[in-house]
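# Coordinate inspection notes
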Amino acid sequence: MKLKGDQTTARAMNRRLILNLLRREGPRSRADIATVIGLSPAAVTFVVADLLEEGIVIEGKTVPGLTGRRPIPVDINYEHALAVGFKLMVDSVECVATDLATNPVAAMRVGLDGHDPHKVADLLASTVPELVKLAGRPDAKLAGIGISMPGVINHEQTACVRSYRFKWDNVPLASLVAARVHVPVWLEDDTNAYAIAQQLFGLGRQHRNMAVLAVGVGISCALVIDGKLYRGANGAAGKFGHTLYEENGRLCECGKRGCLMAYHSQISMLQRWREATGREELGLPELSGALASGDAIALALVADSGRALGTALANLVNITDPEVIVAGGEAVSLGDPFLTPLREALSARTFRTAPSLLPDWEDNSWARGAAALVTQKIFDFESSGGITDIATLTGVRPVDSSSAA
């Protein structure tokens, strides 16, 4: 699929308006679209005809019970193509194939043996045909591949500028993968990708300003401002966990001491609980069980982290004024013992009424965020390249790393 129109052309802008209306509100007749957006019926007809020809939208059934010419609703054809998403973690990769609404149709997890960029690219490339086969849709098309990972990402060059966990500096991962699979590939910070998915099809679908908090191995908070993801001047916006919590305190993965995430990430909560109990074998399931059974040490520790994060989050809210806060990451699975103190501290410290905090904890939610890097291009026209027949990918194998660099 070649996206028609330049972003500067009227038809391209009209196209974006129509697609985003259908994404937010579902099927609409051409007349409804013209009324809601304020376009002429002719302009809507031209754009819808293009989208129908490309297969991006489909016509539904006429509305029953109406006299005269019955309007025919049009809707986005979310099954038109597949998107592949990879969420990179230190020791594994969460993999998913989704439709264009980021609904999973196939999912798997593969081990990550080391962080050599070429070997990582080989692994991702070899996993694409496996996902496609698992999806069971041989006649579908592949819209592209999205990769999310923790780190500072150069959005324009789709390269990892710095990742402490992977020990990468200036790694052009998207280019390495694209050279092996020959489809468009996008790379983004994992929390930013998660925020994009929430904005497109999740809890932020109806909001133009929101904060997306992630509390897991680390802590970060992506911002969507006036409908656009805010990346900052160097792609490093949202590194919320590296704000100061205690001067000269615990050592953080960034090499500095006293960062918020060194105390209150899910991993740090576990470490502090192990220190308090003297039991190094304890993990997240045991912590959840201790909370459920009313263990005083576990409840106090988790509540302390909730309050600390709520207080820090209030500072961010007072500066950015989001409509809602979406909260994800493993710590959200701890439930009310964590979320209630967080909400209370947030409410106590905000200048105005605190925005609603909406927890989200679903399987594949982070890999779906990576897939959303692909689907967002349909709505914002940043896409380059086209959709590729899946049949051309079934025989793809990773090329020799020396030839793909």
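Residues numbered from 1 in each chain as written. Predicted model: local features only at pLDDT ≥ 70, side-chain atom pairs only at ≥ 80, totals over all residues. Heavy atoms only, no water.

## Some remarks on the pairing of strand 11 (residues 185–189)
What counts here: Burial here depends on accessible area, computed with a 1.4 Å probe over protein chains only, as a share of the maximum for the residue type. Under 20% is buried, over 50% is exposed, and the range in between is partly exposed. Numbering of helices and strands runs from the N terminus, with a helix taken as a DSSP run of H or I at least four residues long and a strand as a DSSP run of E at least two residues long. Two strands pair if DSSP finds at least two bridges between them.
The element strand 11 is largely enclosed, with a buried count of five among its five residues. Note: strand 7 (residues 141–149) against strand 11, five bridges, orientation parallel. Its bridge partner lying in strand 11, Ser 148 is registered against Glu 188.

## Remarks on helix 1 (residues 10–25)
Which entries qualify depends on this criterion: Residue count minus one, scaled by 1.5 Å, sets the expected span of a helix.
In this model, helix 1 (16 residues) spans 22 Å end to end at C-alpha, consistent with the 22 Å of a helix rising 1.5 Å per residue. Within the sequence span of helix 1, burial applies to Ala 12, Asn 14, Arg 15, Ile 18, Leu 19, Asn 20, Leu 21, Leu 22 and Arg 23. Following helix 1 by one or two positions, Gly 26 adopts a phi angle in the positive range, close to 85°.

## Considering the packing of helix 1 against helix 3 (residues 41–54)
The following threshold applies: All axes here are fitted lines through C-alpha atoms, helices being fitted over the stretch that makes contact, and every angle between N-to-C directions spans 0 to 180 degrees. An angle below 35 degrees is treated as roughly parallel, one above 145 as roughly antiparallel, one from 65 to 115 as roughly perpendicular, and anything else as oblique. A contact between two residues is defined here by any heavy atoms of the two lying within 4.5 Å. Note that Gly is not counted as nonpolar here; it falls among the polar residues with everything else outside the nonpolar set of Ala, Val, Leu, Ile, Met, Phe, Trp, Tyr, Cys and Pro and the charged set of Asp, Glu, Lys and Arg.
Contact geometry for helix 1 and helix 3: axes closest at 10 Å, N-to-C directions at 75°. Comparing their axes, helix 3 and helix 1 come out roughly perpendicular. Seen from helix 1, the contacting residues are Arg 11, Asn 14, Arg 15, Ile 18 and Leu 19; seen from helix 3, they are Ala 43, Val 44, Phe 46, Val 47, Asp 50, Leu 51 and Glu 54. A per-class count over the contact of helix 1 with helix 3 returns seven nonpolar, one polar and four charged.

## A short note on the sheet that holds strand 8 (residues 152–154)
On the basis of which strands lie adjacent, the open sheet formed by three strands has the order 8-9-10 and antiparallel pairing. With partners counted over all chains shown, the strands left at the sheet margins are strand 8 and strand 10 (168–171), one partner each. Each strand axis lies, on average, 20° off the axis of its neighbour in the sheet, ignoring direction. In the sheet, strand 9 (residues 159–163) pairs with strand 10 via three bridges, with the strands oriented antiparallel. Bridging from a neighbouring strand, Ser 163 pairs with Trp 168 of strand 10.

## Details of the sheet that holds strand 2 (residues 57–59)
Pairing is antiparallel in the open sheet, where three strands are placed in the order 1-3-2. Here the strands that pair on one side only, and so sit at the sheet edges, are strand 1 (28–29) and strand 2. With three bridges joining them, strand 2 and strand 3 (residues 73–76) adopt antiparallel strand pairing. Opposite Val 57, over in strand 3, you have Ile 76 as the bridge partner.

## Focus on helix 12 (residues 365–380)
Quick note on the threshold: Note on bend: at a given residue it equals the angle between the axes fitted to the 7 residues ending there and to the 7 starting there.
Taking 1.5 Å of rise per residue, 16 residues should cover 22 Å, and helix 12 covers 22 Å from first to last C-alpha, within 8% of that figure. The largest bend along helix 12 measures about 35° and falls at Leu 373. Extensive coverage of helix 12 is indicated by the burial of 16 of its 16 residues.

## Some points on unusual backbone geometry
You will see that Thr 102, though not glycine, has its phi angle at about 60°, which is positive. Secondary-structure assignment places Thr 102 in the loop between strand 5 (92–98) and strand 6 (104–111). One non-glycine residue, His 182, lies in positive phi territory at about 60°. Take His 182: it is sitting in the loop between helix 5 (173–181) and strand 11.

## Side note on the side chain of His 264
Operational definition: Counted as a polar contact is a pair of N or O atoms within 3.5 Å, where, for protein atoms, one must be capable of donating a hydrogen and the other of accepting one, and residues adjacent in sequence contribute only when both atoms are in side chains.
In this structure, His 264 sits in helix 7 (residues 261–264). Given the relative accessible area of 0%, His 264 is considered buried. A polar side-chain atom of His 264 sits 3.4 Å from a polar atom in the side chain of Arg 272. Other than its neighbours up to four places away in sequence, His 264 contacts Val 215, Ile 219, Tyr 245, Met 269, Arg 272, Asp 304, Ser 305, Ala 308 and Leu 309.

Distances and angles like these do not, on their own, reveal function.
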